[in-house]
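Structural overview
One letter stands for each residue in the lines below.
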Amino acid sequence: MTEKIGFIGAGNMAGAIINGLLRQGVCPADHLAVYDHHSTHYARFEERGVCGVETVRQLVKFADIIFLSVKPQNYDEVLQNICPFAEGKIIVSIAAGISSAYIKERLGDAAKIALAMPNTPLLLGEGATALCQCSPLTDVEYAKVKAVFAAGGVVQDLPEEQMAAVISVSGSSPAYVYLFAKAVIAGAVEQGIDVAVAKALIAQTLIGSAKMLTDSGIEPDELIRMVSSKGGTTIAALDALYAHGFEQAVIDGMRQCTRRAKELGK
Ligand SMILES: NC(=O)C1=CN([C@@H]2O[C@H](COP(=O)(O)OP(=O)(O)OC[C@H]3O[C@@H](n4cnc5c(N)ncnc54)[C@H](OP(=O)(O)O)[C@@H]3O)[C@@H](O)[C@H]2O)C=CC1
Ligand SMILES: O=C(O)[C@@H]1CCC=N1
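This one's a predicted model, so the numbers in the text were calculated from it and none came from an experiment.

Scoring rules and cut-offs
Residues numbered from 1 in each chain as written. Chains lettered and ligands numbered in written order. Predicted model: local features only at pLDDT ≥ 70, side-chain atom pairs only at ≥ 80, totals over all residues. Heavy atoms only, no water. Axes fitted to C-alpha atoms, helices over the stretch in contact; angles between N-to-C directions. Helix = DSSP H or I, 4+ residues; strand = E, 2+ residues; numbered from the N terminus. Parallel < 35°, antiparallel > 145°, perpendicular 65-115°, else oblique. Left-handed = near helix turned anticlockwise from the far one by under 90°. Contact = heavy atoms within 4.5 Å. Polar contact = N/O pair within 3.5 Å; in protein donor to acceptor, adjacent residues only side chain to side chain. UniProt positions renumbered as here; feature names shortened; annotations may be inferred. Near = heavy atom within 4 Å. Areas by Shrake-Rupley, 256 points an atom, 1.4 Å probe, with all protein chains shown as cover. Nonpolar A, V, L, I, M, F, W, Y, C, P; charged D, E, K, R; others polar. Buried < 20%, exposed > 50% of the residue type's maximum accessible area, 1.4 Å probe, protein only. Domains from an automatic or database assignment. Buried area = accessible area lost by both parts, 1.4 Å probe. Salt bridge = Lys/Arg side-chain N within 4 Å of Asp/Glu carboxyl O. Pairing = 2+ DSSP bridges. Right-handed = clockwise from strand over helix to strand, strands pointing away. Core = buried A, V, L, I, M, F, W, Y, C linked by side-chain atoms within 4.5 Å.

1. Considering the packing of helix α4 (residues 75-82) against helix α5 (residues 100-107)
- Contact geometry of α4 with α5 gives a least axis separation of 9 Å together with a crossing angle of 40°. Relative to α5, the element α4 is oriented oblique. Crossing hand, α4 versus α5: right-handed. Judged by residue contacts, Tyr75, Asp76, Leu79 and Ile82 of α4 engage Tyr102, Ile103, Arg106 and Leu107 from α5.

2. Description of the side chain of Thr234
- You can see Thr234 is positioned in helix α10 (residues 233-243).
- Engagement of the side chain of Thr234 in a polar contact is seen with the backbone oxygen of Val227, the distance being 3.1 Å.
- Once residues within four sequence positions are removed from consideration, Thr234 is found in contact with Val227 and Ser228.

3. Some thoughts on the UniProt feature "domain: Pyrroline-5-carboxylate reductase dimerisation" (unreviewed entry) in the protein chain
- Those residues carrying the UniProt feature "domain: Pyrroline-5-carboxylate reductase dimerisation" (unreviewed entry) are residues 160-264 in this numbering.
- Its end C-alpha atoms 16 Å apart, residues 160-264 is made of 73% helix and 0% strand.

4. Re the site of ligand 1
- Taken together, 22 residues lie near ligand 1, and Met13, Asp36, His38, Val70 and Lys71 sit nearest.
- Within the contact set of ligand 1, an oxygen atom lies 2.8 Å away from a backbone nitrogen or oxygen of Met13.
- One of the side-chain nitrogen or oxygen atoms of His37 is found 3.1 Å away from an oxygen atom of ligand 1.
- Against a free-state accessible area of 890 Å², the protein chains account for coverage of 81% of ligand 1.
- Elements with a minimum of two residues in the shell around ligand 1: α1 (12-23) and α4.
- Across the shell around ligand 1, the residue classes tally to ten nonpolar, nine polar and three charged.

5. What about the UniProt feature "binding site: NADP(+)" (unreviewed entry) in the protein chain?
- The positions UniProt marks with the feature "binding site: NADP(+)" (unreviewed entry) are Ile8, Gly9, Ala10, Gly11, Asn12 and Met13.
- Counting through the fold element by element, Ile8 comes out in strand β1 (residues 5-8).
- On the basis of relative accessible area, Ile8 is assigned to the buried category, the value being 3%.
- Sequence-distant contacts of Ile8, defined by excluding residues within four places in its chain, comprise Tyr35, Val56, Leu59, Ile66, Phe67, Leu68, Ser69, Val70, Val78 and Ile82.
- Those residues in contact with Met13, other than ones at most four positions away along the chain, are Ile94, Pro118, Asn119 and Thr120.

6. Side note on the domain arrangement of the protein chain
- Taken domain by domain, the protein chain comprises domain 1 (5-158) and domain 2 (173-264).
- Taking only C-alpha atoms, the centre of domain 1 and the centre of domain 2 are 32 Å apart.
- Both sides together, the interface formed by domain 1 and domain 2 hides about 420 Å², and carbon and sulfur atoms give 62% of it.
- Connecting domain 1 to domain 2 are zero salt bridges.

7. Quick word on the pairing of strand β6 (residues 112-117)
- Across the six residues of β6, six count as buried, placing the element largely inside the fold.
- Both strand β5 (residues 90-93) and β6 contribute to a ladder of four bridges, which runs parallel. Pairing of Ile90 across the sheet is with Lys112, part of β6.
- Viewed along the sheet, the connection from β5 through α5 into β6 turns out right-handed.
- Sheet topology note: the β6/strand β7 (residues 127-134) ladder contains five bridges and is antiparallel. Pairing of Leu115 across the sheet is with Cys132, part of β7.

8. Regarding the nonpolar core
- Counting 72 residues, the largest nonpolar core has Phe7, Ile8, Leu21, Phe67, Ile82 and Phe149 as its most contacted members.
- Per-element tally for this core: the top contributor is α1, with seven residues.
- Summarising the domain contributions, this core has at least three residues from each of domain 1 (5-158) and domain 2 (173-264).
- Excluding residues within four positions of it along the chain, Ile82 makes contact with Ile8, Val56, Val60, Leu68, Ile91 and Leu107.
- Core analysis: the next-biggest nonpolar cluster, separate from the first, contains five residues, Ala181, Ile185, Ala198 and Ile202 among them.

Structural data, given as C-alpha coordinates:
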(Lines give C-alpha, C1' and ligand atoms only; values in the text may rest on other atoms or scores of the structure.)
(Ligands and ions follow the chains in the order given, each with its own letter.)
Protein backbone atom coordinates (compact mmCIF):
# COMPACT_ATOMS: atom_id res chain seq x y z
CA MET A 1 0.00 0.00 0.00
CA THR A 2 1.45 3.38 -0.96
CA GLU A 3 -0.87 5.61 1.07
CA LYS A 4 0.26 7.26 4.27
CA ILE A 5 -1.83 6.48 7.32
CA GLY A 6 -2.23 8.65 10.41
CA PHE A 7 -3.85 7.91 13.75
CA ILE A 8 -5.33 10.56 16.02
CA GLY A 9 -5.24 8.93 19.45
CA ALA A 10 -2.25 6.68 20.14
CA GLY A 11 -3.99 4.24 22.46
CA ASN A 12 -4.88 0.55 22.51
CA MET A 13 -6.70 0.36 19.20
CA ALA A 14 -4.22 2.47 17.22
CA GLY A 15 -1.52 0.13 18.56
CA ALA A 16 -3.50 -2.96 17.57
CA ILE A 17 -4.18 -1.73 14.02
CA ILE A 18 -0.56 -0.62 13.51
CA ASN A 19 0.69 -4.01 14.73
CA GLY A 20 -1.30 -5.74 12.01
CA LEU A 21 -0.02 -3.38 9.31
CA LEU A 22 3.62 -3.83 10.30
CA ARG A 23 3.38 -7.58 10.91
CA GLN A 24 1.83 -8.20 7.50
CA GLY A 25 4.11 -5.67 5.77
CA VAL A 26 1.06 -3.85 4.35
CA CYS A 27 2.99 -0.58 4.48
CA PRO A 28 6.40 0.54 5.74
CA ALA A 29 6.67 2.11 9.19
CA ASP A 30 7.60 5.48 7.70
CA HIS A 31 4.17 5.59 6.04
CA LEU A 32 2.57 5.60 9.50
CA ALA A 33 2.26 8.39 12.05
CA VAL A 34 0.40 8.95 15.30
CA TYR A 35 -0.78 12.05 17.15
CA ASP A 36 -1.93 12.02 20.76
CA HIS A 37 -2.17 14.74 23.36
CA HIS A 38 0.05 12.53 25.56
CA SER A 39 3.38 12.41 23.72
CA THR A 40 4.45 9.93 26.43
CA HIS A 41 2.46 7.36 24.41
CA TYR A 42 4.82 7.70 21.44
CA ALA A 43 7.71 5.53 22.71
CA ARG A 44 6.12 2.19 21.82
CA PHE A 45 5.31 3.46 18.31
CA GLU A 46 8.64 5.17 17.71
CA GLU A 47 10.61 2.07 18.67
CA ARG A 48 8.98 0.40 15.65
CA GLY A 49 9.77 3.31 13.33
CA VAL A 50 6.32 4.96 13.48
CA CYS A 51 6.59 8.73 13.89
CA GLY A 52 4.79 10.57 16.71
CA VAL A 53 4.00 14.07 15.43
CA GLU A 54 3.62 17.23 17.50
CA THR A 55 0.43 18.71 16.09
CA VAL A 56 -2.82 17.50 14.65
CA ARG A 57 -2.13 19.69 11.62
CA GLN A 58 1.14 17.81 10.91
CA LEU A 59 -0.71 14.50 11.19
CA VAL A 60 -3.47 15.49 8.79
CA LYS A 61 -1.01 16.97 6.27
CA PHE A 62 1.07 13.75 6.41
CA ALA A 63 -1.75 11.23 6.03
CA ASP A 64 -3.97 10.18 3.12
CA ILE A 65 -6.05 8.01 5.46
CA ILE A 66 -6.81 9.30 8.95
CA PHE A 67 -7.96 6.97 11.69
CA LEU A 68 -9.89 8.68 14.47
CA SER A 69 -8.82 6.37 17.29
CA VAL A 70 -10.06 8.41 20.22
CA LYS A 71 -13.08 7.79 22.43
CA PRO A 72 -16.47 8.96 21.14
CA GLN A 73 -16.50 11.62 23.88
CA ASN A 74 -13.40 13.21 22.21
CA TYR A 75 -14.79 13.22 18.66
CA ASP A 76 -16.20 16.75 18.73
CA GLU A 77 -12.85 18.21 19.68
CA VAL A 78 -10.88 16.08 17.20
CA LEU A 79 -13.24 16.78 14.29
CA GLN A 80 -13.09 20.50 15.04
CA ASN A 81 -9.27 20.31 15.07
CA ILE A 82 -8.92 18.44 11.78
CA CYS A 83 -11.71 20.25 9.88
CA PRO A 84 -9.54 23.04 8.37
CA PHE A 85 -7.08 20.53 6.79
CA ALA A 86 -9.14 17.38 6.19
CA GLU A 87 -10.56 18.03 2.70
CA GLY A 88 -10.03 15.05 0.38
CA LYS A 89 -8.68 12.78 3.12
CA ILE A 90 -10.18 9.39 3.90
CA ILE A 91 -11.56 9.44 7.43
CA VAL A 92 -11.94 6.18 9.34
CA SER A 93 -13.94 6.21 12.54
CA ILE A 94 -13.54 3.29 14.93
CA ALA A 95 -15.61 4.86 17.69
CA ALA A 96 -18.64 3.23 19.27
CA GLY A 97 -21.86 4.93 18.22
CA ILE A 98 -20.41 7.63 15.93
CA SER A 99 -22.36 7.80 12.65
CA SER A 100 -21.34 9.18 9.25
CA ALA A 101 -23.98 11.91 9.71
CA TYR A 102 -22.28 12.96 12.96
CA ILE A 103 -18.93 13.32 11.13
CA LYS A 104 -20.46 15.02 8.06
CA GLU A 105 -22.20 17.57 10.29
CA ARG A 106 -18.72 18.63 11.42
CA LEU A 107 -16.58 18.05 8.27
CA GLY A 108 -19.17 18.61 5.53
CA ASP A 109 -21.14 16.31 3.22
CA ALA A 110 -18.15 15.69 0.94
CA ALA A 111 -16.24 13.93 3.74
CA LYS A 112 -15.05 10.47 2.64
CA ILE A 113 -15.82 8.19 5.55
CA ALA A 114 -15.56 4.54 6.51
CA LEU A 115 -16.98 3.34 9.82
CA ALA A 116 -15.23 0.43 11.50
CA MET A 117 -15.84 -1.65 14.59
CA PRO A 118 -12.70 -3.67 15.29
CA ASN A 119 -11.77 -5.56 18.46
CA THR A 120 -8.66 -6.00 20.60
CA PRO A 121 -7.63 -9.48 19.28
CA LEU A 122 -6.43 -7.44 16.30
CA LEU A 123 -3.30 -7.06 18.42
CA LEU A 124 -2.45 -10.69 17.63
CA GLY A 125 -3.74 -10.71 14.05
CA GLU A 126 -6.95 -12.45 15.20
CA GLY A 127 -9.28 -9.44 15.10
CA ALA A 128 -12.87 -9.30 13.89
CA THR A 129 -13.84 -6.01 12.24
CA ALA A 130 -17.23 -4.87 10.96
CA LEU A 131 -16.72 -2.27 8.22
CA CYS A 132 -19.05 0.14 6.46
CA GLN A 133 -18.51 2.20 3.31
CA CYS A 134 -20.22 5.59 3.45
CA SER A 135 -21.00 7.65 0.35
CA PRO A 136 -19.05 9.36 -1.28
CA LEU A 137 -16.13 7.04 -0.36
CA THR A 138 -15.32 5.16 -3.60
CA ASP A 139 -14.93 1.38 -3.90
CA VAL A 140 -11.19 1.79 -4.49
CA GLU A 141 -10.82 3.94 -1.36
CA TYR A 142 -12.93 1.52 0.66
CA ALA A 143 -10.73 -1.39 -0.47
CA LYS A 144 -7.70 0.44 0.94
CA VAL A 145 -9.36 0.84 4.34
CA LYS A 146 -10.43 -2.80 4.24
CA ALA A 147 -6.83 -3.88 3.56
CA VAL A 148 -5.76 -2.13 6.77
CA PHE A 149 -8.19 -4.17 8.91
CA ALA A 150 -7.67 -7.38 6.92
CA ALA A 151 -4.02 -7.22 8.01
CA GLY A 152 -5.28 -7.76 11.56
CA GLY A 153 -7.87 -10.49 11.05
CA VAL A 154 -11.34 -11.05 9.60
CA VAL A 155 -13.41 -8.22 8.07
CA GLN A 156 -17.17 -8.26 7.42
CA ASP A 157 -18.98 -5.54 5.40
CA LEU A 158 -22.02 -4.14 7.13
CA PRO A 159 -24.67 -1.50 6.33
CA GLU A 160 -24.46 1.59 8.53
CA GLU A 161 -27.76 0.88 10.29
CA GLN A 162 -26.18 -2.22 11.87
CA MET A 163 -22.95 -0.58 13.02
CA ALA A 164 -24.22 0.25 16.53
CA ALA A 165 -25.64 -3.23 17.12
CA VAL A 166 -22.51 -5.00 15.88
CA ILE A 167 -20.46 -3.55 18.74
CA SER A 168 -22.24 -6.07 20.96
CA VAL A 169 -21.24 -8.89 18.60
CA SER A 170 -17.54 -8.20 18.04
CA GLY A 171 -16.30 -4.88 19.50
CA SER A 172 -17.30 -5.44 23.12
CA SER A 173 -17.78 -9.20 23.09
CA PRO A 174 -14.15 -10.13 23.89
CA ALA A 175 -14.96 -8.81 27.37
CA TYR A 176 -17.83 -11.28 27.79
CA VAL A 177 -15.59 -14.08 26.62
CA TYR A 178 -12.94 -13.13 29.20
CA LEU A 179 -15.62 -12.91 31.89
CA PHE A 180 -16.77 -16.41 30.97
CA ALA A 181 -13.16 -17.66 31.07
CA LYS A 182 -12.67 -15.98 34.45
CA ALA A 183 -15.77 -17.76 35.81
CA VAL A 184 -14.54 -21.12 34.51
CA ILE A 185 -11.15 -20.54 36.15
CA ALA A 186 -12.85 -19.62 39.44
CA GLY A 187 -14.99 -22.77 39.20
CA ALA A 188 -11.86 -24.85 38.58
CA VAL A 189 -9.98 -23.35 41.52
CA GLU A 190 -13.00 -23.98 43.78
CA GLN A 191 -12.64 -27.65 42.86
CA GLY A 192 -8.91 -27.72 43.66
CA ILE A 193 -7.46 -27.30 40.15
CA ASP A 194 -4.39 -25.08 39.74
CA VAL A 195 -5.10 -21.61 38.23
CA ALA A 196 -2.45 -21.94 35.50
CA VAL A 197 -3.69 -25.38 34.48
CA ALA A 198 -7.31 -24.16 34.38
CA LYS A 199 -6.35 -21.09 32.33
CA ALA A 200 -4.42 -23.17 29.79
CA LEU A 201 -7.30 -25.63 29.44
CA ILE A 202 -10.12 -23.10 29.09
CA ALA A 203 -8.07 -20.92 26.70
CA GLN A 204 -7.44 -23.86 24.39
CA THR A 205 -11.09 -24.91 24.77
CA LEU A 206 -12.15 -21.45 23.56
CA ILE A 207 -9.74 -21.64 20.59
CA GLY A 208 -10.85 -25.18 19.71
CA SER A 209 -14.54 -24.38 20.09
CA ALA A 210 -14.13 -21.25 17.95
CA LYS A 211 -12.48 -23.36 15.25
CA MET A 212 -15.37 -25.82 15.40
CA LEU A 213 -17.72 -22.86 14.77
CA THR A 214 -15.68 -21.56 11.81
CA ASP A 215 -14.36 -24.77 10.24
CA SER A 216 -16.68 -27.70 10.99
CA GLY A 217 -19.75 -26.46 9.11
CA ILE A 218 -21.84 -27.65 12.07
CA GLU A 219 -24.46 -25.34 13.61
CA PRO A 220 -24.14 -24.30 17.30
CA ASP A 221 -27.14 -26.39 18.45
CA GLU A 222 -25.62 -29.53 16.94
CA LEU A 223 -22.19 -28.71 18.39
CA ILE A 224 -23.82 -28.48 21.83
CA ARG A 225 -25.58 -31.79 21.24
CA MET A 226 -22.29 -33.46 20.26
CA VAL A 227 -20.83 -32.60 23.71
CA SER A 228 -23.97 -33.58 25.62
CA SER A 229 -24.02 -37.31 26.36
CA LYS A 230 -27.43 -38.61 27.36
CA GLY A 231 -27.76 -38.52 31.16
CA GLY A 232 -24.22 -37.11 31.39
CA THR A 233 -22.28 -34.24 32.90
CA THR A 234 -22.75 -31.61 30.17
CA ILE A 235 -26.53 -31.74 30.40
CA ALA A 236 -26.24 -31.31 34.15
CA ALA A 237 -24.07 -28.23 33.61
CA LEU A 238 -26.32 -26.79 30.88
CA ASP A 239 -29.43 -27.27 33.01
CA ALA A 240 -27.87 -25.12 35.73
CA LEU A 241 -26.82 -22.48 33.17
CA TYR A 242 -30.31 -22.36 31.62
CA ALA A 243 -31.86 -22.12 35.11
CA HIS A 244 -29.65 -19.08 35.77
CA GLY A 245 -30.79 -17.45 32.50
CA PHE A 246 -27.34 -17.64 30.89
CA GLU A 247 -28.49 -16.97 27.31
CA GLN A 248 -30.90 -14.23 28.34
CA ALA A 249 -28.16 -12.56 30.39
CA VAL A 250 -25.90 -12.46 27.31
CA ILE A 251 -28.68 -11.13 25.07
CA ASP A 252 -29.59 -8.48 27.63
CA GLY A 253 -25.92 -7.47 27.92
CA MET A 254 -25.86 -7.01 24.14
CA ARG A 255 -28.98 -4.82 24.24
CA GLN A 256 -27.35 -2.63 26.88
CA CYS A 257 -24.23 -2.39 24.72
CA THR A 258 -26.25 -1.10 21.76
CA ARG A 259 -28.26 1.27 23.95
CA ARG A 260 -25.02 2.82 25.23
CA ALA A 261 -23.59 3.07 21.69
CA LYS A 262 -26.63 5.07 20.61
CA GLU A 263 -26.26 7.33 23.65
CA LEU A 264 -22.56 7.94 22.89
CA GLY A 265 -23.34 8.93 19.30
CA LYS A 266 -25.70 11.76 20.29
N1 LIG B 1 -10.80 -0.86 23.20
C2 LIG B 1 -11.55 -1.60 22.42
O3 LIG B 1 -11.71 -2.82 22.61
C4 LIG B 1 -12.24 -0.98 21.25
C5 LIG B 1 -12.32 0.38 21.09
N6 LIG B 1 -12.97 0.91 20.01
C7 LIG B 1 -13.03 2.36 19.85
O8 LIG B 1 -11.69 2.80 19.65
C9 LIG B 1 -11.57 4.12 20.11
C10 LIG B 1 -10.28 4.23 20.88
O11 LIG B 1 -10.31 3.30 21.94
P12 LIG B 1 -8.98 2.90 22.71
O13 LIG B 1 -7.84 2.76 21.77
O14 LIG B 1 -9.36 1.77 23.57
O15 LIG B 1 -8.80 4.24 23.58
P16 LIG B 1 -7.52 4.75 24.37
O17 LIG B 1 -8.03 5.56 25.49
O18 LIG B 1 -6.57 3.62 24.62
O19 LIG B 1 -6.78 5.71 23.30
C20 LIG B 1 -7.24 6.96 22.92
C21 LIG B 1 -6.11 7.96 23.05
O22 LIG B 1 -6.49 9.18 22.43
C23 LIG B 1 -6.17 10.26 23.31
N24 LIG B 1 -6.95 11.45 23.01
C25 LIG B 1 -8.15 11.82 23.53
N26 LIG B 1 -8.54 13.00 22.99
C27 LIG B 1 -7.57 13.37 22.12
C28 LIG B 1 -7.42 14.50 21.27
N29 LIG B 1 -8.33 15.47 21.20
N30 LIG B 1 -6.30 14.58 20.52
C31 LIG B 1 -5.36 13.60 20.58
N32 LIG B 1 -5.45 12.52 21.37
C33 LIG B 1 -6.56 12.39 22.13
C34 LIG B 1 -6.46 9.65 24.66
O35 LIG B 1 -5.96 10.41 25.75
P36 LIG B 1 -6.85 10.45 27.14
O37 LIG B 1 -6.62 9.10 27.74
O38 LIG B 1 -6.26 11.57 27.90
O39 LIG B 1 -8.27 10.68 26.74
C40 LIG B 1 -5.78 8.29 24.51
O41 LIG B 1 -4.40 8.39 24.68
C42 LIG B 1 -12.83 4.44 20.91
O43 LIG B 1 -13.61 5.32 20.16
C44 LIG B 1 -13.54 3.11 21.06
O45 LIG B 1 -14.94 3.24 20.99
C46 LIG B 1 -13.51 0.14 19.03
C47 LIG B 1 -13.45 -1.20 19.13
C48 LIG B 1 -12.84 -1.90 20.23
O1 LIG C 1 -16.26 -0.16 25.49
C2 LIG C 1 -16.22 0.57 24.49
O3 LIG C 1 -16.93 1.58 24.45
C4 LIG C 1 -15.34 0.20 23.33
C5 LIG C 1 -16.12 0.00 22.06
C6 LIG C 1 -16.05 -1.47 21.79
C7 LIG C 1 -15.10 -1.98 22.76
N8 LIG C 1 -14.68 -1.05 23.55
